[in-house]
Amino acid sequence: MLKTYKIVITGQVQGVGFRPFVYVLAEQFNLKGTVSNNEEGVIIYVSGSKNNILSFYNSLIDNPPKVSKINNHSLQEIEVKRFDDFQIIPSQKNSKLNLQLTPDFAICEDCKDDISDSKNRRYLYPFTTCVNCGPRWAITNTFPFERNHTSINEFEMCEDCKNEYTNPTNRRFHSQTNSCSTCGISIILNDTKGILLKIPKADIFKTIATLLKDGKIIAIKNTSGYLLCCDASNKLVVQKLRSKKNRPHKPFAILYPSLKLLKKHLDVNTNQQKALTSTERPIVIISKTNFKGNLDLEDLAPNLNQLGVMLPYSGILQLLAAELTIPIVATSGNLHGSPIISNNEESEDVLQHIADYFLHHNLKIINPQDDSVVKFSTTFNHEVLFRRSRGYAPNYFGVNLPNNNKIMAMGSHLKSTIAYLPNDYLYISQYLGNLDNYDVYNRFTQTSKKFINLFEQKPDVLLVDKHPTYQSTLFGIELSKKWQTRLYKIQHHKAHFTSVLGEHNLFNTGDSILGVIWDGTGYGDDDNIWGGEFFNYQSKKIERISHFEYFDWLAGDKMAKEPKLSLLSLANDNMQSVLKDKFSKEEISIYQSLKKQNRLKTSSVGRLFDAVASILNICDINTYEGEAAILLENRIINYSLDNCKSYCTIIDDNKIPTKQLLKNLYLDFKRGASKEDVITSFLYTLASIIFQIANHNNLKRIALSGGVFQNTVLIDMLKEMAQSEYKLYFNRNLAPNDENISYGQIMYYLNCTKD
Ligand SMILES: [Zn+2]
Ligand SMILES: [Zn+2]
């Protein structure tokens, strides 16, 4: 008997080849009906026998298209409808968007084969994509995901492409980003004067490879923004790029042409390889111990024992890789601190003093994104996301949220992101950067507008950090005035804490949970600068139970840039001789008198790391954010807890004696302990403090967040020491740094405020 069913599938189901997949499957099961995208996901109507429909449904759910992620699915019998055949019908959008947006996907193996096969019609075509791969979020104006909602729409498909698009057996059946060299995007290579190089089109990547090997810097427009590239083995050009980018020490990411060469040079474990070849394809930070290549790693990653590497993720990078036998530097195309550039004219304007040549193309990038960055800890292979951008943004795959409000969270300041909860899903923007930079700030405000336009609704609650002068806070206040919207201020470290509680769905367990939130700075409830905080969460309430003993915050923003100032603030009389080497007499007397009048205090563990780096003469001035802490961590190749000593214990009422800790550390160093041993014991001391506080307060569940927990040695130590007695929770789909603040603000608002 003929039956008709309606099937609704939600999740990451648009722009992933879902409709063509359903079409082919329906034909296999002899079913008639329709499939379409709508504002919620994919809607299928099928008519046929009940058994056939059920088998079709189960097969679809058990074995969906490769890059899709199903969130929910439902099957419902409806009044019988008669269809002549099975059809993919155009998107129907009746109400506001309520679906997961699709991130960019790295080029798939099939498309890689196509562009490297001289007999294939896509041979050497850099924008080769299919339903399983290619840019999505980067080129999307709006959803549902259809060609006319993307910037690919400027290119009309040729007959051959149309044939693929309409052929159910083709991998490009209904592929919205389908194009080829006849109808699609074109590339040009020019010098800094805009003069095109006179070479056949087919030779462009060969030419770029030659130019790179000749020591030239090339700005390459990729699908998510410009990259600045140069030969990683050429010391001179790497130094030139450093000086032109005003980036003296910050490590460069290295693009390897193949996994094979990468594995020849570096030890890559299973987890690292999986990340390197995933559809997200981030930069993976790998230990450079046992490096067997011919690169001068001191130039690429000064003073570090690690290297950020990645594999080609777009057709452009793949075609370049095919001509290269060498790894190249591939760093975001921007000036120091500015956002990644994605516009042709702007790139020529801004990068002409850095690059020697430009590879442009005429596909418009709507949402520029940096490369994402991940790292795995050595012992426990714990994955830490350092930067969440291309491949991950803007979806957040977390717990379902009961919510009636439309909430926008403006996040933090240094590593800003925006989070929006306009419907059943939560979206977190790509990493945007430091809002002190005017262009980053502009991209930040545009991103908030983009979200509002995309979902066609303004927020009715705006969440901001408590810091009175964060640009994100001021912007949130401005919007709330303009729209008469409710504004809510949330303390920075509490937002970090709730980001972990949210990621692990811990709000309603009934247990008390210890929050250990350590970072550089955040505006505290008592107007001091917090950063070494311990909280207790229970029944929707967060209480601060302890913190690192306060020390003086000196010289405003300068303190975060100059680790020696943290040392000066924490130094006791025995350390005066060390200070004399780092400051002039005048400076010391100025700072000493500042200290006497100073009212602004801090509990920042980030600054404690700075003081340790300075006292060990490892770093007095940061040239990039977090440099001192990164240098400390990188001194440790391996450690044994048995050889560690503790530099302080907590005092009965939960107090952590910060100055005592530094004093004992310095004594150990003066007695001849090596820098490596001192750093290991310092990290061990920090880990011990966490368990002492947990013990003292009878807490077995510990949630940890804040930039300090990017330190994978500390994470390994904590995991080793926790054993089965304590349960540790870290951020997992989000970075532990300030990128998670916007999400944490929403979690705080939903779970810790009475509304
Ligand atoms: Zn593909
Ligand atoms: Zn074509």
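Remember, predicted model here, so these are calculated numbers, not experimental data.

Moving on to the overall build of the protein chain. Along the protein chain, the regular secondary structure elements total 24 helices and 27 strands. What you see for the protein chain is a C-alpha radius of gyration of 27 Å, in line with the 27 Å of a compact globule of 755 residues. Taken along the three principal axes of its C-alpha coordinates, the protein chain extends 90 × 65 × 50 Å. Considering only intrachain contacts with a sequence separation of at least 6, the fraction spanning at least 24 residues in the protein chain is 72%.

Here we come to the coordination of the zinc ion (ligand 2). The protein atoms donating to the zinc ion (ligand 2) are Cys158 (SG), Cys161 (SG), Cys180 (SG) and Cys183 (SG), with metal-donor distances spanning 2.2 to 2.3 Å. For the zinc ion (ligand 2), the four donor atoms in the first shell make angles of 103 to 116 degrees at the metal, so the coordination geometry reads as tetrahedral. For the zinc ion (ligand 2), all donor residues lie on one chain, and their spacing in sequence is C-x2-C-x18-C-x2-C. With relative accessibility at 0%, the residue Cys161 sits in the buried group.

Following the criterion strictly, the structure yields 24 aromatic pairs and no others. Ring centres of Phe497 and Phe535 lie 6.0 Å apart, and the angle between their planes is 15 degrees; this geometry places the pair in the stacked category. Within this pair, whereas Phe497 is found in helix H14 (residues 492-503), its partner Phe535 is found in strand E22 (residues 529-538), the two being separated by 38 residues in sequence. Take Phe535: its relative accessible area is 0%, and that puts it in the buried class. Clustering of aromatic rings is evident, with ring pairs tying together Trp518, Phe534, Phe548, Phe709 and Phe730. The ring of Tyr45 carries Lys81 above its face, with NZ or CZ at 4.3 Å from the centroid. For Lys450, the ring lying beneath its charged end belongs to Trp137, and the centroid distance is 5.3 Å.

Here the zinc ion (ligand 1) is held by the protein donor atoms Cys108 (SG), Cys111 (SG), Cys130 (SG) and Cys133 (SG), which lie 2.3 to 2.4 Å from it. Around the zinc ion (ligand 1) sit four donor atoms, and with donor-metal-donor angles ranging over 102 to 118 degrees the site reads as tetrahedral. Donor residues for the zinc ion (ligand 1) sit on one chain with the sequence pattern C-x2-C-x18-C-x2-C. Under the relative-accessibility criterion, Cys133 is labelled buried at 1%.

The grouping of Glu345, Glu346, Asp349 and Asp439 at the surface amounts to a negative patch. Among the elements that line the negative patch, the one with the most residues is helix H11 (residues 344-351), at three residues. Using a relative accessible area of 36% as the deciding quantity, one classes Asp439 as partly exposed.

As for its placement among the helices and strands, Leu189 is situated in strand E6 (residues 187-191). With relative accessibility at 3%, the residue Leu189 sits in the buried group. A C-alpha to C-alpha distance of 9.6 Å links Leu189 and Ile218, two positions 29 residues apart in sequence. If sequence neighbours within four positions are ignored, Leu189 has contacts with Ile195, Leu196, Leu197, Ile199, Ile204, Thr207, Ile208, Leu211, Tyr357, Phe358 and Leu359.

For the pair helix H16 (residues 563-570) and helix H21 (residues 658-670), the least separation of the axes is 10 Å and the interaxial angle reads 105 degrees. Overall, the two elements H16 and H21 adopt an arrangement that is roughly perpendicular. Counting all contacts with H16, which are made through Leu567, Ser569 and Leu570, the residues of H21 involved are Thr658, Lys659 and Leu662. Classifying every residue of the contact of H16 with H21 by side-chain character gives three nonpolar, two polar and one charged.

If you look at the biggest cluster of nonpolar residues, it comprises 158 residues, and the most contacted ones within it are Ile208, Trp518, Phe534, Phe548, Phe682, Ile702 and Leu718. The dominant element in this core, judged by the number of residues it contributes, is helix H22 (residues 675-696), at 11 residues. Among residues more than four places away in sequence, those in contact with Leu718 are Ala687, Ile690, Phe691, Leu704, Phe709, Leu728 and Phe730.

Along the polypeptide, Gly184 turns up in the loop between helix H4 (159-166) and E6. Note on Gly184: relative accessible area 14%, which makes it buried. Those residues in contact with Gly184, other than ones at most four positions away along the chain, are Tyr125, Phe155 and Ser179.

Time to look at the sheet that holds strand E19 (residues 461-465). Pairing within the open sheet is mixed, and its five strands lie in the order E18-E17-E16-E19-E20. Edge positions in the sheet fall to strand E18 (427-428) and strand E20 (486-490), since each of these pairs with one other strand and no more. Inspection of the sheet shows strand E16 (residues 407-409) paired to strand E17 (residues 419-421) by three bridges, in the antiparallel sense. Following the sheet pairing, Ile407 is matched in E17 by Leu421. Across the sheet, helix H24 (residues 741-752) is in contact with E16, E17, E18, E19 and E20; its angle to E19 comes to roughly 120 degrees.

Counting buried residues along E6, four of its five residues qualify, which places the element largely inside the surrounding structure. As paired strands, E6 and strand E13 (residues 357-361) are joined by five bridges and run antiparallel to one another. Across the sheet, residue Asn190 finds its bridge partner in E13, namely Phe358.

Right, let's get into helix H10 (residues 315-323). In terms of burial, H10 is a largely internal element, seven of the nine residues being buried. Inspection of H10 places Gly315, Ile316, Leu317, Gln318, Leu319, Leu320 and Ala321 among the buried residues, and these make up the whole buried set.

Counting buried positions along H24 yields 11 of 12 residues, so the element is predominantly enclosed. Of all the positions in H24, only Ile741, Ser742, Tyr743, Gly744, Gln745, Ile746, Met747, Tyr748, Tyr749, Asn751 and Cys752 are classed as buried.

This part is about the side chain of Ser416. Mapped onto the secondary structure, Ser416 falls in the loop between E16 and E17. A polar contact of 2.8 Å, which involves the side chain of Ser416, links it to the backbone oxygen of Gly433. Beyond its immediate sequence surroundings of up to four residues, Ser416 is in contact with Gln430, Tyr431, Leu432, Gly433, Leu435 and Phe444.

Attention shifts here to the sheet that holds E6. Strand order in the open sheet formed by 10 strands is E6-E13-E7-E8-E12-E9-E11-E10-E14-E15, and the pairing between neighbours is mixed. On the outer flanks of this sheet lie E6 and strand E15 (383-387), each paired with one strand and no other. Sheet twist, expressed as the average angle between the axes of neighbouring strands with direction ignored, equals 30 degrees. By the bridge criterion, three bridges tie strand E10 (residues 283-287) to strand E14 (residues 373-376) in an arrangement that is parallel. Bridging from a neighbouring strand, Ile285 pairs with Lys375 of E14. In this fold helix H5 (residues 204-213) packs onto E6, strand E7 (218-221), strand E8 (226-231), strand E12 (328-332) and E13, with an angle of close to 35 degrees to the strand it touches most, E6.

Moving on: unusual backbone geometry. The step from Phe143 to Pro144 runs through a cis peptide bond, and the omega angle for that step is 0 degrees. Note that Pro144 resides in the loop between helix H3 (109-116) and H4. The peptide bond linking Ala393 to Pro394 adopts the cis configuration, its omega dihedral lying at 0 degrees. Relative to the helices and strands, Pro394 resides in the loop between E15 and E16. Phi at Asn303 takes a positive value of approximately 65 degrees, unusual for a residue other than glycine. Examined against the element boundaries, Asn303 turns out to sit in the loop between helix H9 (297-300) and strand E11 (306-310). What makes Asn303 partly exposed here is its relative accessible area of 46%. Within the chain, Asn617 stands out as a residue other than glycine whose phi angle is a positive 60 degrees.

Here is what the cut-offs are and how they apply
- Numbering of residues starts from 1 in every chain and runs along the sequence as written.
- To read the labels, note that chains go from A and ligands from 1, taken in the order they are written.
- Reporting in this predicted model follows two pLDDT cut-offs: at least 70 for local features of residues, and 80 or more for side-chain atom pairs to be given and counted; totals over whole chains, interfaces and linings ignore these cut-offs and use all residues.
- As a rule here, side-chain values cover all heavy atoms of the structure and leave hydrogens and water aside.
- Numbered from the N terminus, helices here are DSSP runs of H or I no shorter than four residues, and strands are runs of E no shorter than two.
- This radius of gyration counts C-alpha atoms alone. The globule rule is 2.2 Å times how many residues there are, raised to the power 0.38.
- Residue contacts follow a heavy-atom distance rule, with two residues in contact if any of their heavy atoms lie within 4.5 Å.
- With water excluded from the atoms, a metal site may look incomplete; its donors are any N, O or S atoms within 2.8 Å, or within 3.2 Å for Na, K and Ca.
- Geometry assignment treats four donors as tetrahedral when all angles are between 85 and 135 degrees, treats four as square planar and six as octahedral when opposite donors are over 155 degrees apart and all others between 65 and 115, and treats everything else as irregular.
- The buried label goes to any residue with under 20% of its type's maximum accessible area, the exposed label to any with over 50%, and the partly exposed label to all in between, with areas taken from a 1.4 Å probe on protein chains only.
- Only the six-membered ring of Trp is used, alongside the rings of Phe and Tyr, when aromatic pairs are assigned; centres must lie within 6.5 Å, and planes under 30 degrees apart are stacked while those over 60 apart are edge-to-face, with the rest tilted.
- For a Lys NZ or an Arg CZ to count as sitting over a ring, it must be within 6 Å of the ring centre and within 35 degrees of the ring normal.
- Like-charged residues within 9 Å of one another, or nonpolar side chains (Val, Leu, Ile, Met, Phe, Trp, Tyr) within 5 Å, are grouped into patches, provided each residue has over 30% relative accessible area and no salt bridge.
- Per-residue and other accessible areas were derived by the Shrake-Rupley procedure at a 1.4 Å probe size, with only the shown protein chains allowed to occlude residues.
- Each salt bridge in this description consists of a side-chain nitrogen of Lys or Arg and a carboxyl oxygen of Asp or Glu lying within 4 Å of one another.
- Asp and Glu are treated as the negative residues and Lys and Arg as the positive ones, with His and the ends of the chain left uncounted.
- Charge positions are represented by NZ for Lys, CZ for Arg, CG for Asp and CD for Glu.
- Inter-axis angles, ranging from 0 to 180 degrees, are taken between N-to-C directions of lines fitted to C-alpha atoms, where helices are fitted over the stretch in contact.
- Relative orientations are named as follows: roughly parallel for angles under 35 degrees, roughly antiparallel for angles over 145 degrees, roughly perpendicular for angles from 65 to 115 degrees, and oblique for any other angle.
- In this classification, the charged set is Asp, Glu, Lys and Arg, the nonpolar set is Ala, Val, Leu, Ile, Met, Phe, Trp, Tyr, Cys and Pro, and all remaining amino acids, among them Gly, are polar.
- As used here, the term nonpolar core means buried Ala, Val, Leu, Ile, Met, Phe, Trp, Tyr and Cys residues forming a set that is joined through side-chain atoms within 4.5 Å.
- Paired strands are those between which DSSP finds at least two bridges.
- A 3.5 Å cut-off defines polar contacts: any pair of N or O atoms within that distance qualifies, except that in protein one atom must be a possible hydrogen donor and the other a possible acceptor, and neighbouring residues in sequence count only when both atoms are side-chain atoms.

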